[in-house]
Amino acid sequence: MTVVDLPARTHPDERTIADGNDQRKRRRRREYGLFALLVAPNLLVIAVFAYWPIIYNAFLSLTDWNMIAARPKFVGLANYGRTLTDPAFHKTLWITVVFTGLIVVGSLVIGLALAFLFNLPLKGRGAVRTIAFAPHILSGAAVATIWAFIFDPGYGLMRALIEPFGAEPPDWMNNSDWALPGLVIVYLWKNVGFAALIYLAGLQSLPKELDEAAAIDGASTWTRFRSIKLPLLAPITFFLLITTVIGTFQAFDVIAVMTGGGPGDATTTLSWSIYNEGFQAFNAGRAATLSIIMFVILLVVTTVQARVMERRVHYR
Amino acid sequence: MSMLKRRMFLGLAAGATLAGCGYRSVDAIYSQPAGSVPKQYANRTRVVFWSPYGGVNGKAVDKLVAKFNDSQQDVYVEVQFQGSYDDVAQKVAAALVAKQAPDLAVLSDVTWERFFLNDALEPLNGYFTDGFGPGVYQEKLFGEYVVKGQSWAVPFARSTPIMYYNRDAFAKAGLPDRVPRTWSELRSWVPELAKVQSGGRSLRTIAFAKIDGDWQFQGNVWQFGGAYSKGLDVTIDEAGAVAAGEWQRQMVHDLGAAYMASSPSTDFANGLVGVIQESTGAMKTIGSKAKFKVGAGFIPSEVAAGIATGGGGIGMLRNISTERKQAAATFLQFLALPENSAWWTTQTGYLPVVNKAREDAELKKLIAEQPNYGVAIAQLENARQQDAIRLYGRNANVQIYTGLQQIYADNAQPKKVFASVAGRLEAIGEEVKRLYEEKVL
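The shown structure was predicted, so the numbers you read here are calculated from the model rather than taken from an experiment.

With respect to the overall build of chain A
Next up, step 1: When its secondary structure is counted, chain A shows 13 helices and two strands.
Next up, step 2: Compactness check: chain A gives a C-alpha radius of gyration of 26 Å against a globular reference of 20 Å for 316 residues, more than 25% above the reference.
Next up, step 3: When the backbone C-alpha atoms are referred to their principal axes, chain A occupies close to 90 × 75 × 30 Å.
Next up, step 4: By the burial criterion, 40% of the 316 residues in chain A qualify as buried.
Next up, step 5: Sequence-distant contacts, at least 24 apart, represent 69% of the contacts inside chain A between residues at least 6 apart.
Next up, step 6: About 17900 Å² of surface is accessible on chain A, with carbon and sulfur atoms providing 67% of the total.
Next up, step 7: Charged side chains in chain A number 27 positive and 21 negative. The centres of these two groups are separated by 8 Å.

See the structure below:
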């Protein structure tokens, strides 16, 4: 973001000379001109690549269009009515909520635990930190390909690990009960390193005095964690919560490569169903409707989180 | 509130303004997708050809195109690999929205119809010559693209499913060296095949495809006496289709002899499964990967014979200049030469779509040496065009294979699954009905 120094506000008492006032006004106008000039390129890019698609998408959601026909047919709110009353959509929402919930909770809990581990003065922790963070940088499609191999019931790594114990590994991606947990494992593997890194940064910047004081007063490790460290880490948790919820809601890459929303509809999340409606069924109108619904859900979730956290989170 | 209303109005007005100027005009001329022309082919008319063929088949496309480019002075064809059949369709649609158009695109059995229905394809009758057109191509395969006397694409990489079997495993199991004649016969072979060990476990009889398995299943439904639809009237919830689904469900869940595979042909080539129903176009690929003797034969019957044609035809886009259209047509004429059609078959296993290609010496020699290459040609008499709902209903194929996944993965009752699939297909049929009745019937 462009940062611009706006003229400092002056106290009314200082404005004694009328001439100076005029001059200041002129200067201010000039500075606003400069301000507009400096932000214009950024604003234009955002308008063209962020706001315009949203507006256009909202328009498409009111149409019936197969992307090939010469023009969309206006259908009003019919797509919304149809989507909101469709049992398949309800199931999709439920799957999305479960999927997001598991990944968000998992990433935060495991990430925090790893951060504490990485914060200990152990040998080789630098290397381990790097290894834990690495999956986060890999592209989703690559991660999915690796895990498709690990989970493969015929040739997979999982088979090699489990079979010596006499057990048959599940056919992860081709079984409705295992496919969603399988995807959660993959996304956790990919996300946890990031959460751990952010938590670690938070842990290292915590003021030592509070913790030491509590220790001297005889507080147990658990109490110090619960009453001092966790509350102090709240801004970090808040940040991770919002980014993980949004990121998981939009998760697509791994699903596309590993399950294609299946078997049946077992892993059809909101983002997959948008793809399916848009690019497999060529129903641009209904895909746009689903996108708007996702947009609204994320907006509400983020607003609520922000409101709640405003009261609870203490930024230092 | 008034503020909100004003904003909404402005938003809608902006949307409507864009709608007025942003869409495809049926007769507009669109630009070509970017690419590069090698120096020796400069100053020719460039033709962009979007292809879904990679791997072994992709190399064969490249060679055919190179041969064309070197065969004359006026046209340069540039192949652009775009991914799967679905990817090509998506990208063509996206290109048209962006006012761009490739000149030729390979469209699958279930995607060309939507481009035809929405006036995105160039009618081809005007380009036909003695060596390119009706009579030149195999009648059934050519006829599938003819609607009311007008051709909208021409066959290229056309296929049917055939049954591949692991001859080594069959020998070990003490089974005859041939594919089963009926599905019941295959079922009776389950115990023998299970005795064969492969990769540390007993051999499974058959693998069903997780994605796009509805193409093979189209034939299976006919073989059990049913249909996906009669016209657009959905019949997948009726006896024949349910019986076919029930046969497969029992194979997976009651006998443990079958399973759903992400890639049945990979599993087959790795020796994990005894037989698969796979496109004849996979022949070369399977043959190059398998470390055992691969056999091939007709897809079994049950109460009836019948298999679905499939694969890709080439359509010409309508939104391109006359010059590009003429140039593109010369490439289609080149592909219709018997020796080129025959060569394509020898390199891939796809059906020879040109009648005279079957007389080609190279192809005859190949079939004599490797009879597998002749299976699909001989089986063609049982082949027919698929039921209309799968061809014309947008996403009907996905709805059907998603239903099949529930049967394979969850042991769902076919009757129940197909009742729910039928509901979705009816809604899909309703959407396309007006255009279908206007343009096809």
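Having seen the structure, we can now continue with the description.
Structural notes on the sheet that holds strand 15 (residues 294–297) of chain B
Residue and element names in this part refer to chain B.
Next up, step 1: Here we have five strands laid out as an open sheet, ordered 13-10-14-7-15, and mixed in their pairing. The sheet terminates laterally at strand 13 (258–261) and strand 15, the two strands that pair on one side only. Between one strand and the next, the sheet's axes are offset by a mean angle of 30°, whatever the strand orientation.
Next up, step 2: Against the sheet, helix 9 (residues 214–223) engages strand 7 (161–166) and strand 14 (273–279), with an angle of about 95° to strand 14.

Description of the nonpolar core
Next up, step 1: Counting 154 residues, the largest nonpolar core has Phe115 and Ile236 of chain B as the members making the most contacts within it.
Next up, step 2: Residues within four places of phenylalanine 115 of chain B in sequence aside, it is in contact with Ile68 and Phe282 of chain A together with Ala89, Val92, Ala93, Leu107, Ala120 and Leu121 of chain B.
Next up, step 3: Ranked by size, the runner-up nonpolar core spans 36 residues in total, among them Ala196, Leu200, Ile293 and Met294 of chain A.

Parameters and conventions
- The residue numbers shown here count from 1 along each chain, following its written sequence.
- Whichever chain is written first becomes A and whichever ligand is written first becomes 1, with later ones labelled in order.
- Confidence filtering applies because this is a predicted model: local features only for residues at pLDDT of at least 70, side-chain atom pairs given and counted only at 80 or more, and all residues used for totals across whole chains, interfaces and linings.
- Here the side-chain values reflect all heavy atoms present in the structure, with hydrogen atoms and water set aside.
- In DSSP terms, a helix is any run of H or I states spanning at least four residues, a strand is any run of E spanning at least two, and both are numbered starting from the N terminus.
- Atoms counted for the radius of gyration: C-alpha only. Globule rule: 2.2 Å times residue count to the power 0.38.
- Three labels apply to residues, based on accessible area from a 1.4 Å probe with only protein chains included: buried if under 20% of the type maximum, exposed if over 50%, partly exposed otherwise in between.
- Residue contacts follow a heavy-atom distance rule, with two residues in contact if any of their heavy atoms lie within 4.5 Å.
- Here the accessible surface of atoms and residues is derived via Shrake-Rupley with a 1.4 Å probe, and residues count as covered only by protein chains that are part of the display.
- Here the positive residues are Lys and Arg and the negative ones are Asp and Glu; neither His nor the chain ends is included.
- Charged side chains are reduced to one point each, which is NZ for Lys, CZ for Arg, CG for Asp and CD for Glu.
- Paired strands, as defined in this entry, are two strands with at least two bridges between them according to DSSP.
- Here an axis means a line fitted to C-alpha atoms, over the contact stretch when the element is a helix, while the angle between two N-to-C directions is reported on a 0 to 180 degree scale.
- What is meant by a nonpolar core is a set of buried Ala, Val, Leu, Ile, Met, Phe, Trp, Tyr and Cys residues, joined one to another through side-chain atoms within 4.5 Å.

That is the geometry; function is a separate question.
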